[in-house]
Amino acid sequence: ELWSSTQTCMRLALEKATEKDASVVVKGIGLTNQRETTIAWDRKTGKPLHNAIVWHDLRTTDIVKRYIEKGSRDDFRECTGLPISTYFSAVKIRWLIENVPEVAKALED
């Protein structure tokens, strides 16, 4: 039942995204049971591309500052329910893309 509901959720999210923009391309899917701990895997080997970034890691502070300078701390609240902060997994993914060449390359592949 858990896997089935996960698949349904992913399918509905993709349908909703492509209704708004038919050119949407999914480059990755994240599943979690640890909330904001973030990791990227090689899709061919299944091995991690870098160590996990845990929920309380602060190396994303500069990225958060950049987003706040461009807008507001609440710019993402409507779609995520969260204010932008180092806790937010999206900034951890951004950090991985900017700082781990293997992750950036995986996006291109």
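One can find the structure itself at the top, above this paragraph.
Residues numbered from 1 in each chain as written. Predicted model: local features only at pLDDT ≥ 70, side-chain atom pairs only at ≥ 80, totals over all residues. Heavy atoms only, no water.

With that settled, the discussion passes to the pattern of salt bridges. Tallied over the entire structure, the rule returns six salt bridges. For the salt bridge of Arg66 with Glu98, the shortest nitrogen-to-oxygen distance reads 2.5 Å. You can see Arg66 sitting in helix H2 (residues 61-70) and its partner Glu98 sitting in helix H4 (residues 89-99), a full 32 residues away along the chain. Of the residues examined, Arg66 reaches a relative accessible area of 36% and is grouped as partly exposed. Lys105 serves as the salt-bridge partner of Asp109, at 3.2 Å between the closest nitrogen and oxygen. Judged by its relative accessible area of 47%, Lys105 falls in the partly exposed class. Because the salt bridges share partners, they merge into one network encompassing Arg66, Arg94 and Glu98. (Salt bridge = Lys/Arg side-chain N within 4 Å of Asp/Glu carboxyl O. Helix = DSSP H or I, 4+ residues; strand = E, 2+ residues; numbered from the N terminus. Buried < 20%, exposed > 50% of the residue type's maximum accessible area, 1.4 Å probe, protein only.)

The next thing to look at is the nonpolar core. Nonpolar side chains tend to gather and get buried jointly when the protein is soluble and globular. Grouped together as the largest cluster of nonpolar side chains are twelve residues: Ala40, Leu49, Ile53, Ile63, Val64, Ile84, Phe88, Val91, Trp95, Leu96, Val100 and Val103. Of all elements in the fold, only H2 and H4 reach the threshold of two or more residues within this core. A per-element tally of this core places H4 first, with three residues. Residue contacts for Ile53: discarding those within four places in its chain leaves Glu36, Thr37, Thr38, Arg59, Lys92, Trp95 and Leu96. (Core = buried A, V, L, I, M, F, W, Y, C linked by side-chain atoms within 4.5 Å. Contact = heavy atoms within 4.5 Å.)

Okay, the packing of H4 against helix H5 (residues 101-108) next. It is at 5 Å that the axes of H4 and H5 come closest, and there the two elements cross at 100°. Considering their axes alone, H4 and H5 lie roughly perpendicular with respect to each other. For the pair H4 and H5, contact is made by Leu96, Ile97 and Asn99 and by Pro101, Val103, Ala104 and Leu107, respectively. Of the residues in the contact of H4 with H5, the class split is six nonpolar, one polar and no charged. (Axes fitted to C-alpha atoms, helices over the stretch in contact; angles between N-to-C directions. Parallel < 35°, antiparallel > 145°, perpendicular 65-115°, else oblique. Nonpolar A, V, L, I, M, F, W, Y, C, P; charged D, E, K, R; others polar.)

Turning our attention to the packing of aromatic side chains. Each aromatic ring pair is described using two quantities: the centre-to-centre distance and the angle formed by the ring planes. Summed over the entire model, instances satisfying the criterion amount to three aromatic pairs. Relative to Tyr87, the ring of Trp55 has its centre 6.3 Å away and its plane inclined at 75°; by these criteria the two rings are edge-to-face. A residue pair is termed long-range when its members are at least 10 positions apart, and Trp55 in the loop between helix H1 (2-20) and H2 and Tyr87 in the loop between helix H3 (77-80) and H4 qualify at 32 residues. The partly exposed category is assigned to Trp55, whose relative accessible area is 49%. An angle of 50° between the planes, with centres 6.0 Å apart, marks the rings of Phe76 and Phe88 as tilted. With Phe76 in the loop between H2 and H3 and Phe88 in the loop between H3 and H4, the pair connects residues that are twelve residues apart, well separated along the chain. Overall, Phe88 belongs to the buried group, its relative accessible area being 8%. Sitting over the face of the ring of Trp95, Arg59 holds its NZ or CZ atom 4.7 Å from the ring centroid. (Phe/Tyr/Trp six-rings, centres within 6.5 Å; stacked < 30°, edge-to-face > 60°. Lys NZ or Arg CZ within 6 Å of the ring centre and 35° of its normal.)

Before going further, it helps to spend a moment on the packing of H2 against H4. Contact geometry of H2 with H4 gives a least axis separation of 9 Å together with a crossing angle of 110°. Overall, the two elements H2 and H4 adopt an arrangement that is roughly perpendicular. As H2 runs across H4, the sense of the crossing is right-handed. Within the contact between the two elements, H2 uses Ile63, Val64, Arg66 and Tyr67 and H4 uses Val91, Arg94, Trp95 and Glu98. Split into classes, the residues belonging to the contact of H2 with H4 amount to five nonpolar, no polar and three charged. (Left-handed = near helix turned anticlockwise from the far one by under 90°.)

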